[in-house]
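# Coordinate analysis (summary)
Here are the chains, one letter per residue:
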Amino acid sequence: MTHTEIQDYRVYGWVLLALLILTTITITVTWIDLSALTVLVALIIASVKSFIVLRHFMHLKFESKLFTVFVVMVLGIYTLVIALTFFDYLMR
Amino acid sequence: MEMHRDDIGARLGMWIFIFTEILLFGGLFLVYAVMRNRYSVEFHQAAHQLNAFIGTLNTVVLLLSSATVAMSVTAVQRGEKRKGVMFILITLVCAGIFLFNKYLEWGHKISIGLYPGSEMMIGLKYGYILFFSLYFFMTGLHMLHLLVGSIILTIVMVKIQIGTINAGKYTLLENGGLYWHLVDLIWIFLFPLLYLIT
């Protein structure tokens, strides 16, 4: 069994354009001083870019939902690890 | 008799491997996060030493290469062999450009004496040493992945050419592509965190 859907070249062209625009936004944002918010904004944009790469380039939108569930679980565990580390680190 | 094949299982296996990679780099990002929190001023100043222009150029190159790998899958699915090979070739050229830029970037730092274990680096403040060590280790490990990805994609390209990867059987191309997108995915986070947040 292989994918039944075949993605058109143009879709990838648009996805690439979107990613390049987001990169431009990331760079522009760093010129504006948002102090503590800079990291947050950069991480949010990077997450949006990752979402696009995972969904379109890595074909999660064509795969069975099981793949998405796994990805969400892994990212969830990683977020938990970060949260617990900082919880421990900041409470010392 | 046809051999048993499980393409979904093969892709799922690749994804599980990708999860281990995410956690490997995740650990490094975690170290970065804690140390950045602790030495925010030093990290802030040290990041100015990085060449944001080369970083940006490499980001564009990697995004383009990711798109061409994805397009190669479409080409092979449609049975357009020549296009499939061409798209992988573009990806490999992009990888070459990325590595050349990295060579210029690292070469400059090493020529001014800034590399792990150098006298200059040992003399720096602790926060700076941490930043540059993380910079060399994270971009170095990323570069290693890029090299491995290039080797895999070269094999994939040859297999498309000789026809062992074709419209009916292209899991290796898809899995090689997934690995390449992972390399891109890691760079999406490395680039702003190391080069931009100054």
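Counting of residues starts from 1 at the beginning of each chain's written sequence and follows it residue by residue. Written order determines the labels here, with chains lettered from A and ligands numbered from 1. Reporting in this predicted model follows two pLDDT cut-offs: at least 70 for local features of residues, and 80 or more for side-chain atom pairs to be given and counted; totals over whole chains, interfaces and linings ignore these cut-offs and use all residues.

### With respect to the overall build of chain A
Helix and strand counts for chain A come out as three helices and zero strands. Ordered by position in the sequence, the α and β elements of chain A form the string α-α-α. By the compact-globule yardstick of 12 Å for 92 residues, chain A is too spread out, its C-alpha radius of gyration being 17 Å. Here the C-alpha coordinates of chain A stretch approximately 55 × 35 × 10 Å along the principal axes. Looking at chain A residue by residue over its 92 residues, the buried ones come to 15%. By definition, any uninterrupted DSSP run of H or I lasting at least four residues is a helix, any uninterrupted run of E lasting at least two residues is a strand, and each is numbered from the N terminus. Put simply, the radius of gyration uses C-alpha atoms, and a globule should come to 2.2 Å times the residue count raised to 0.38. Between the buried cut of 20 or more and the exposed cut of 12 or fewer other C-beta atoms within 10 Å of a residue's own C-beta lies the partly exposed class, and all C-beta atoms are placed from the backbone.

### A look at the overall build of chain B
In terms of regular secondary structure, chain B is built from seven helices and zero strands. Mapped from its N terminus to its C terminus, chain B presents α and β elements in the order α-α-α-α-α-α-α. Out of the 198 residues in chain B, the part that is buried amounts to 37%. Contacts in chain B between residues at least 24 apart in sequence constitute 77% of all its contacts with a sequence separation of at least 6. Whether two residues are in contact depends on their C-beta atoms, placed from the backbone: they are in contact if these lie within 7 Å.

### A few points about helix 1 (residues 7–38) of chain B
For helix 1 of chain B, which comprises 32 residues, the first-to-last C-alpha distance of 46 Å matches the rise-based estimate of 46 Å (1.5 Å per residue) to within 8%. The set of residues buried in helix 1 of chain B consists of Arg11(B), Met14(B), Trp15(B), Ile18(B), Gly26(B), Tyr32(B) and Arg36(B). Lining the buried residues of helix 1 of chain B we find helix 3 (65–90) of chain A together with helix 2 (40–46), helix 6 (126–162) and helix 7 (171–196) of chain B. To estimate the expected span of a helix, count its residues, drop one, and scale the result by 1.5 Å.

### Section: the environment of Ser72(B)
Residues and elements named next belong to chain B. Of note, Ser72 is situated in helix 3 (residues 52–77). Taking the number of C-beta atoms within 10 Å as the measure of exposure, Ser72 has 32 and is therefore buried. Between the alpha carbons of Ser72 and Ile90 there is a distance of 10.0 Å; along the sequence they are 18 residues apart. Filtering out sequence-adjacent residues up to four positions away, Ser72 remains in contact with Gly84, Phe87, Ile88 and Leu173.

### Topic: the interface of chain B and chain A
Listed by partner, the interface residues are 31 residues for chain B and 31 residues for chain A. Contributions of two or more residues to the side of chain B that touches chain A are made by helix 1, helix 3 and helix 7 of chain B. Counting residues per element, the side of chain B that touches chain A draws most heavily on helix 3 of chain B, which supplies 11 residues. Basically, the charged four are Asp, Glu, Lys and Arg, the nonpolar ten are Ala, Val, Leu, Ile, Met, Phe, Trp, Tyr, Cys and Pro, and anything else, Gly included, counts as polar. Per-class residue counts for the side of chain B that touches chain A are 21 nonpolar, seven polar and three charged.

### A short note on the domain arrangement of chain A
For the domain bounds, the source is a domain assignment made automatically or taken from a database. By the assigned domains, chain A splits into domain 1 (1–61) and domain 2 (64–92). On a C-alpha basis, the centroid separation for the pair domain 1 of chain A and domain 2 of chain A is 21 Å.

### A closer look at the confidence of the model for chain A
Per-residue confidence from the prediction method is given by pLDDT, with values spanning 0 to 100. Considering every residue of chain A, the mean pLDDT works out to 90; 93% of them sit at 70 or more. Here helix 2 (residues 37–57) of chain A is the element of chain A with the lowest mean pLDDT, 93, and helix 3 of chain A is the one with the highest, 95.

### A short note on the packing of helix 1 (residues 9–31) of chain A against helix 3 of chain B
The interhelical angle for the contact between helix 1 of chain A and helix 3 of chain B, taken along N-to-C directions, is 165 degrees, at an axis separation of 10 Å. In terms of orientation, helix 1 of chain A and helix 3 of chain B fall into the roughly antiparallel class. For the pair helix 1 of chain A and helix 3 of chain B, the crossing hand works out as right-handed. Side by side, helix 1 of chain A and helix 3 of chain B meet where Tyr9(A), Tyr12(A), Val15(A), Leu16(A), Leu19(A), Leu20(A), Thr23(A) and Ile27(A) of the first sit next to Thr56(B), Thr59(B), Val60(B), Leu63(B), Leu64(B), Ala67(B), Ala70(B), Met71(B) and Thr74(B) of the second. Looking at the contact of helix 1 of chain A with helix 3 of chain B residue by residue, the class counts come to 13 nonpolar, four polar and no charged. Only the contacting stretch of a helix is used when fitting its axis, a line to C-alpha atoms as for every element, and angles between N-to-C directions run 0 to 180 degrees. To sort the angles, those under 35 degrees are grouped as roughly parallel, those over 145 as roughly antiparallel, those from 65 to 115 as roughly perpendicular, and the leftovers as oblique. Here a crossing is taken to be left-handed if its near helix is turned anticlockwise relative to the far helix by less than a right angle, and right-handed if that turn runs clockwise.

### Section: helix 3 of chain B
Here helix 3 of chain B spans 38 Å end to end across 26 residues, near enough to the 38 Å set by a 1.5 Å rise per residue. Following helix 3 of chain B by one or two positions, Gly79(B) has its phi on the positive side, about 80 degrees.

### Things to note about the nonpolar core
Counting residues in hydrophobic clusters, the biggest one holds 59 residues, and the most contacted among them are Ile160(B) and Leu190(B). Elements with a contribution of two residues or more to this core: helix 1 and helix 2 of chain A together with helix 1, helix 2, helix 3, helix 4 (81–111), helix 6 and helix 7 of chain B. Broken down by element, this core gets its largest block of residues, 15 residues, from helix 7 of chain B. What we call a nonpolar core is a set of buried Ala, Val, Leu, Ile, Met, Phe, Trp, Tyr and Cys residues whose membership is set by joining through C-beta atoms within 7 Å.

### A look at the packing of helix 3 of chain B against helix 7 of chain B
Residues and elements named next belong to chain B. In contact at an axis separation of 10 Å, helix 3 and helix 7 are set at 160 degrees when each is read in the N-to-C sense. In this view, helix 3 runs roughly antiparallel relative to helix 7, as classed from their interaxial angle. At the point where helix 3 passes helix 7, the crossing takes the left-handed sense. Contact residues: Ala52, Gly55, Thr59, Leu62, Leu63, Ser66, Val69, Ala70, Ser72, Val73 and Val76 in helix 3; Leu173, Glu174, Gly177, Trp180, His181, Asp184, Trp187, Phe191, Tyr195 and Leu196 in helix 7.

### Things to note about unusual backbone geometry
Leave glycine aside and you will find that most residues have negative phi; peptide bonds, for their part, are mostly trans. Residue and element names in this part refer to chain A. In this structure, His59 takes a positive phi of about 60 degrees despite not being glycine. Examined against the element boundaries, His59 turns out to sit in the loop between helix 2 and helix 3. Of the residues examined, His59 has 20 C-beta atoms within 10 Å and is grouped as buried.

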